[in-house]
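Here is how the chains run, residue by residue.
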Amino acid sequence: MKKYRITLIPGDGIGPEITEVTKRCIEATGIKIEWEQCEAGIPAIEKFNNPLPADTIESINRNKVCLKGPITTPVGTGYRSINVALRQIFNLYACVRPFKIFTGARTLYQELDLVIVRENMEDLYAGIEFEMGKKETFKIIQTIAHLSNRNISEDSGISVKPISVSGSEKIVRFAFEYARKNKRKKVTAVHKANIMKFTDGLFLDVARKIAANYPDIEFEDRIVDNMAMQLVQKPQKYDVLVCPNLYGDILSDLCAGLVGGLGLSPGANYGDNVAIFEPTHGSAPKYAGKNVVNPSAQILAAALMLRYIGETEAAEKLESALADVIKEGRYTTYDFKPEGTPGAGTVEMGNAIIKRMIG
Ligand code: NAD
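About the criteria used
- Residues numbered from 1 in each chain as written.
- Predicted model: local features only at pLDDT ≥ 70, side-chain atom pairs only at ≥ 80, totals over all residues.
- Heavy atoms only, no water.
- Helix = DSSP H or I, 4+ residues; strand = E, 2+ residues; numbered from the N terminus.
- Rg over C-alpha atoms; globule rule 2.2 N^0.38 Å.
- Buried < 20%, exposed > 50% of the residue type's maximum accessible area, 1.4 Å probe, protein only.
- Contact = heavy atoms within 4.5 Å.
- Areas by Shrake-Rupley, 256 points an atom, 1.4 Å probe, with all protein chains shown as cover.
- Lys, Arg positive; Asp, Glu negative; His and termini not counted.
- Charge placed at Lys NZ, Arg CZ, Asp CG, Glu CD.
- Expected span 1.5 Å × (residues − 1).
- Arc of directions from axis to C-beta.
- Near = heavy atom within 4 Å.
- Polar contact = N/O pair within 3.5 Å; in protein donor to acceptor, adjacent residues only side chain to side chain.

J.: Got a minute to help me understand the overall build of the chain in this structure?
T.: Looking only at helices and strands, the chain has twelve helices and twelve strands in total. Its C-alpha atoms give the chain a radius of gyration of 21 Å, within 12% of the compact-globule value 21 Å for 359 residues. Out of the 359 residues belonging to the chain, those deemed buried represent 52%. The long-range share in the chain, meaning contacts at least 24 apart out of those at least 6 apart in sequence, stands at 75%. When the accessible surface of the chain is totalled, it reaches about 17000 Å², and 52% of it is carbon and sulfur. When the 45 positive and 43 negative side-chain charges of the chain are each reduced to one mean point, those points stand 3 Å apart.

J.: Looking at this structure, I do not really get helix α11 (residues 312-328). What am I missing?
T.: Because an α-helix packs 3.6 residues into every turn, residues spaced three or four apart end up facing the same way. In this model α11 runs 24 Å from its N-terminal to its C-terminal C-alpha over 17 residues, within 8% of the 24 Å that 1.5 Å per residue would give. For α11, every residue scored as buried is listed here: Ala314, Ala315, Leu318, Ala321, Leu322, Val325 and Ile326. Looking straight down α11, one finds its buried side chains confined to an arc of 135 degrees; they lie on one side. In α11, the exposed positions that point more than 90 degrees away from the buried face belong to Glu313 and Lys327.

J.: Whenever I open this one, the site of the ligand confuses me. Can you help?
T.: Residues in contact with the ligand amount to 22 residues; listed here are only the nearest, Ile71, Thr73, Gly282, Ala284 and Tyr334. Contact distances for the ligand include 2.7 Å between an oxygen atom and a backbone N or O atom of Gly282. Between Ala284 and the ligand, the recorded distance is 2.7 Å, taken from a backbone N or O atom to an oxygen atom. In isolation the ligand exposes 810 Å². Once the protein is present, 71% of that is buried.

J.: Help me understand the environment of Asp221 in this model?
T.: By secondary structure assignment, the location of Asp221 is in strand β9 (residues 218-223). Distance in space between the C-alpha atoms of Asp221 and Ile354 is 42 Å, their sequence separation being 133 residues. If sequence neighbours within four positions are ignored, Asp221 has contacts with Thr188, Ala189, His191, Leu204 and Arg208. One polar contact links Asp221 to His191, side chain to side chain, over a distance of 2.7 Å.

In structure tokens form, the structure reads like this:
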């Protein structure tokens, strides 16, 4: 049997607990993986005084596939997001987040199955920011006043929102190819082109042009605020959403709410050569080490990874064992229970999934 070599980043907060359970679940599918375990985030700072050591980057470069737990980003100060840095380093321009309702999850609706394809490199996430009060910031404020005759208050901080034709083409094409490959029927482009004509407007123009090459797939667009309301009221009308970075981020959490919470929402970041699989949620530090959080998003991210490496049968086995455990409801974590009711532990839920696979 083929043995894979894959980079594993447990991350920090709840990351080590959910990745450990996930590793055991993958093993129970029968797939053989030699994990190259690497540090990033808080444990990497503690060990190497560097939140993203060169060894971790080299390992991903070598193996091309990485399963990653969540990593804390300090707010306001300290280092920039390691998650964003990894996407930038490996040019992981497409973030794919499938949202599916599992019977047994606490949800408003019975059924939902949609996918968000989020642009991962540009927009306000590009990390081009100027701090309030700095010399460069004043310079930019003056330049803008000179070029556009518009005054920005001198006590402002500035974040830059670049959206390019090439970046938009890449992500929209990816969304249509994804739709075709996965037998999806419709792509909806999300934007605020009525207000931001030169960024979101550009994204929409590109989306319309690319859509013309895919007559077999329906195309439409929605303004992001309307999209948010529609997703709450009639999410079943949507299939694949293609979004610039920030809207994709926000709508992902909205959709996570629709399928029962962040604990059920996996994600994959794809570049041309490298792919990193992770849950949508963060490191939930208040639950770290308590054996209470839901491992499903990490396990579903692993299922996406198994599909990516061609192990479709193992991915189906894993997803179906997870679906059975959620449906039965005996060994599910707190987020499947009515508010204030304790649930099973992370490890116990993992054990129940493994038992379904190996008896
Ligand atoms: P979070 O996603 O970590 O947690 C928010 C809340 O969601 C938790 O308090 C909990 O109630 C719930 N939750 C999250 N994961 C869960 C799970 N598996 N099971 C059950 N409930 C779960 O968001 P946050 O508190 O805003 O962020 C914490 C840290 O994680 C921050 O530093 C943030 O920057 C970082 N973060 C990292 C990633 C990533 O690694 N890709 C993504 C988002 C946030």
